[in-house]
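Here is how the chains run, residue by residue.
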Amino acid sequence: WYCSWVCGCGGLAETAGDPFRHLSDKSLKAWKIERITIYSVLGAITLITAALLIDNSMHNQLLGSSAKWIAKGYSFAIGMVFSGVIGVGFYPLMGSRVWCRFGCPMAAYMGIIQRFKSRFRITTNGAQCISCENCSTYCEMGIDVRAYAQRGQNIVRASCVGCGVCA
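Residues numbered from 1 in each chain as written. Predicted model: local features only at pLDDT ≥ 70, side-chain atom pairs only at ≥ 80, totals over all residues. Heavy atoms only, no water.

Structural notes on the packing of helix α3 (residues 28-57) against helix α7 (residues 105-116)
Piece 1. Contact pair α3 / α7: the axes reach a minimum separation of 8 Å and the direction vectors enclose 105 degrees. Relative to α7, the element α3 lies roughly perpendicular. Of the residues in α7, those in contact with Ile38, Tyr39, Val41, Leu42 and Ile45 of α3 are Pro105, Ala107, Ala108, Tyr109 and Ile112.
Piece 2. When grouped by side-chain class, the residues that make up the contact of α3 with α7 number 10 nonpolar, no polar and no charged. (Axes fitted to C-alpha atoms, helices over the stretch in contact; angles between N-to-C directions. Helix = DSSP H or I, 4+ residues; strand = E, 2+ residues; numbered from the N terminus. Parallel < 35°, antiparallel > 145°, perpendicular 65-115°, else oblique. Contact = heavy atoms within 4.5 Å. Nonpolar A, V, L, I, M, F, W, Y, C, P; charged D, E, K, R; others polar.)

Overview of the packing of aromatic side chains
Piece 1. Inspection of the entire model under this criterion finds zero aromatic pairs.
Piece 2. Across from the ring centre of Tyr148, 5.1 Å away, lies the NZ or CZ of Arg151, which sits over that ring. (Phe/Tyr/Trp six-rings, centres within 6.5 Å; stacked < 30°, edge-to-face > 60°. Lys NZ or Arg CZ within 6 Å of the ring centre and 35° of its normal.)

Describing empty space enclosed by the protein
Piece 1. One pass over the full model with this rule turns up two cavities of 30 Å³ or more.
Piece 2. Estimated volume of the largest cavity: approximately 80 Å³.
Piece 3. Along the walls of the largest cavity sit 13 residues, with Cys139, Ile143, Cys160, Cys163 and Cys166 positioned nearest its centre.
Piece 4. When its residues are assigned to classes, the lining of the largest cavity shows 10 nonpolar, two polar and one charged.
Piece 5. Approximately 40 Å³ is the volume attributed to the second largest cavity. (1 Å grid on protein atoms, 1.4 Å probe; cavity = no way out; pocket = protein on both sides within 12 Å on 5 of 7 lines; lining within 4 Å. Points joined across faces, edges and corners; volume = space filled by probe spheres on them.)

Here is the structure:
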């Protein structure tokens, strides 16, 4: 719900990225790269936010004037270059939701919550799977849903936004 209706990048992916949905790489290598980048961004934003909060509470004694440049640099790198240029411009090369899969800290956080606490995850029924691969083909996040269904496992990937297209 959040990714499709609240987030601007998710809304753009639902419209501009739709024709490229099938291009999302579903290999294990892509999943490993996805995990490394998305959790690295989550770690970086957590550290930067903590440093800026501590610096602000100490009246700019910790980082001084560099705090402003750190915040602006992060804002430019993530906000403009990664989520804007790469996140949207790479739709024809990497499929829809490039930003969501490889850079969104909110997706990483929701993936952690989903893994341990969520009742709202996509469940599979391996007995009904006929291996047509429609679920994997239309997954906008590049998840090989068919492999999960054949093993009888629920989808517990950080990148799964729970859109239900696979169902």
